[in-house]
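One-letter residues, chain by chain:
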Amino acid sequence: MHAQHKSPCFKVIAFFTGKNDLAHVSYVQEANKWFPKMAKTYHFSYDTTSNWHNLNQKFLSRYQVVLFLDTRPESTEQRAAFEGYMKSGGAWMGFHFAAFALNNSAYPQNWDWYHQEFLGSGEYVSNTWRPTSAILSVEGTHNAATKHLPKTFKSSPNEWYRWQNDLCQNPNIKILLAIDSSSFPLGTGPKPSEIWNSGYYPVAWTNKKYRMVYVNMGHNDMDYEHKYDNTNRTLSYTFNNKEQNQFIINALLWLGTSSKSNN
């Protein structure tokens, strides 16, 4: 674990697994290099753990912001501790696979509070492929997370998720970023379902009842097919993007310095 400042404005703990999809592992490794640099610049502390047993009330009480970089807690005790932390005014930012849930998979939708109430998204439905950049529309123009951003910007390549629930119909959800229509067609396939040609797809949002931001980004493009060599090299990086980085650090600073009452 690493701390970057003697008197940090707030303390962040990032939980990760980093064992499954190569793209998610690449993203976790990248995040755990980028966030410490941001911590030095913006005067917060950044600690990491891959031990999900640390997701308990005593451990969480040390931190103002929790990050889920790639997965979610699975045990009843860990889930109860996280729910209690959030309902007591804690803050959270989750990335990409942290919201994934699909019945009959290794990550079934078996946590209603998290997927239905907290995230509001419900189950994962489908995704674009291959990982590609999108033009993102800034929707939450009065939110601190979107300050100093242009109306639209080009993201880093990503695998974009579609969800079971229509987030626009949830009065507690405030969408911050969405796929701009100029992105279509989005994805290259090969399956037709992996190419989006129309529709409205939120990719970052907050729940007004909690101090939280979910960000769909967090899947680097990889040389899965070994076109270049046999190293499974990373072909794109999530944090190699000025505007996207600005959004992520804006959101983190907002979560770390705000109170539940002004969410």
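An account of the accompanying structure is given in this report. (Residues numbered from 1 in each chain as written. Predicted model: local features only at pLDDT ≥ 70, side-chain atom pairs only at ≥ 80, totals over all residues. Heavy atoms only, no water.)

**Digging into the pairing of strand β10 (residues 202–207)**
Right, so step 1: When you tally the buried positions in β10, you get six out of six residues, the bulk of the element.
Right, so step 2: Across five bridges, strand β9 (residues 173–179) lies against β10 in antiparallel orientation. Bridge pairing links K174 to T206 in β10.
Right, so step 3: Note: β10 against strand β11 (residues 211–215), two bridges, orientation antiparallel. (Buried < 20%, exposed > 50% of the residue type's maximum accessible area, 1.4 Å probe, protein only. Helix = DSSP H or I, 4+ residues; strand = E, 2+ residues; numbered from the N terminus. Pairing = 2+ DSSP bridges.)

**Comments concerning the sheet that holds β11**
Right, so step 1: With mixed pairing, nine strands are arranged side by side in an open sheet as β2-β1-β3-β4-β11-β10-β9-β6-β7. Of all strands in the sheet, those bounded by a partner on one side alone are β2 (45–49) and β7 (152–154). Averaged over all pairs of adjacent strands, the angle between their axes in this sheet comes to 20 degrees, without regard to strand direction.
Right, so step 2: Contacts from helix α1 (residues 22–42) reach β2, β3 (65–68) and β4 (91–95), with the element oriented near 155 degrees to β2. (Axes fitted to C-alpha atoms, helices over the stretch in contact; angles between N-to-C directions. Contact = heavy atoms within 4.5 Å.)

**Concerning helix α3 (residues 76–87)**
Right, so step 1: Spanning 12 residues, α3 covers 16 Å between terminal C-alpha atoms, matching the ideal 16 Å at 1.5 Å per step.
Right, so step 2: Those residues of α3 that fall on the buried side of the exposure criterion are Q78, R79, A81, F82, Y85 and M86. In an axial view of α3, the angular spread of the buried residues amounts to 160 degrees, which keeps them on one side of the axis. Pointing more than 90 degrees away from the buried face of α3 are the exposed residues T76 and E77.
Right, so step 3: Trailing α3 by a residue or two, G89 shows a phi angle of about 105 degrees, which is positive. (Expected span 1.5 Å × (residues − 1). Arc of directions from axis to C-beta.)

**A closer look at the pairing of β2**
Residues in a regular strand project their side chains so that they alternate between the two faces of the sheet.
Right, so step 1: Taken across its five residues, β2 has five buried, putting it largely inside the fold.
Right, so step 2: Both strand β1 (residues 11–15) and β2 contribute to a ladder of five bridges, which runs parallel. Bridging across to β2, I13 finds its partner in D47.
Right, so step 3: Handedness of the crossover joining β1 and β2 through α1: right-handed. (Right-handed = clockwise from strand over helix to strand, strands pointing away.)

**Examining the packing of α1 against helix α5 (residues 242–257)**
Each pair of packed helices gets described by two things: the angle between the helix axes and the distance between those axes.
Right, so step 1: Interhelical geometry of α1 versus α5 gives an angle of 60 degrees and a closest axis separation of 12 Å. Here α1 lies oblique to α5, going by the angle between them. Note on packing geometry: the crossing formed by α1 with α5 is right-handed. Contact residues: W34, F35, M38 and Y42 in α1; N245, I248, I249, L252 and L253 in α5. (Parallel < 35°, antiparallel > 145°, perpendicular 65-115°, else oblique. Left-handed = near helix turned anticlockwise from the far one by under 90°.)

**Some words on the nonpolar core**
Right, so step 1: If you look at the biggest cluster of nonpolar residues, it comprises 46 residues, and the most contacted ones within it are F35, L67, L69, F247 and L252.
Right, so step 2: Not counting the four nearest positions on each side in its chain, L69 is found in contact with A14, F15, F16, Y27, V28, A31, N32, F35, Y46 and F95. (Core = buried A, V, L, I, M, F, W, Y, C linked by side-chain atoms within 4.5 Å.)

**Details of the environment of T238**
Right, so step 1: Among the secondary structure elements, T238 is positioned in the loop between β11 and α5.
Right, so step 2: Those residues within four positions of T238 in sequence are excluded, and the remaining contacts are Y27, E30, S156, M217, G218, H219, N220, Q244 and N245.

**Quick word on the packing of aromatic side chains**
In this description, a pair of aromatic rings is defined by centroid distance and the angle of the planes.
Right, so step 1: Summed over the entire model, instances satisfying the criterion amount to 41 aromatic pairs.
Right, so step 2: Relative to F44, the ring of F10 lies with its centre 5.1 Å away and its plane at 10 degrees, an arrangement referred to as stacked. Linking F10 in the segment before β1 with F44 in the loop between α1 and β2, this pair joins segments that are 34 residues apart in sequence.
Right, so step 3: For F10, a relative accessible area of 1% puts it in the buried group.
Right, so step 4: Of the residues examined, F44 reaches a relative accessible area of 0% and is grouped as buried.
Right, so step 5: Ring geometry for F82 versus F118: centroids 5.7 Å apart, planes at 85 degrees, classification edge-to-face. (Phe/Tyr/Trp six-rings, centres within 6.5 Å; stacked < 30°, edge-to-face > 60°.)

**Quick word on the pattern of salt bridges**
Right, so step 1: Under the defined criterion, the tally for this structure stands at seven salt bridges.
Right, so step 2: With a shortest N-O distance of 2.7 Å, R72 and E74 are connected by a salt bridge.
Right, so step 3: We classify R72 as buried; its relative accessible area is 3%.
Right, so step 4: The residue K87 makes a salt bridge to E83 at a minimum N-O spacing of 2.5 Å. Of this pair, K87 and E83 both sit in helix α3, four residues apart, which is roughly one turn of the helix.
Right, so step 5: The exposure class assigned to K87 is partly exposed, which follows from its relative accessible area of 45%.
Right, so step 6: Through salt bridges with shared partners, a single ionic network connects R72, E74 and R79. (Salt bridge = Lys/Arg side-chain N within 4 Å of Asp/Glu carboxyl O.)

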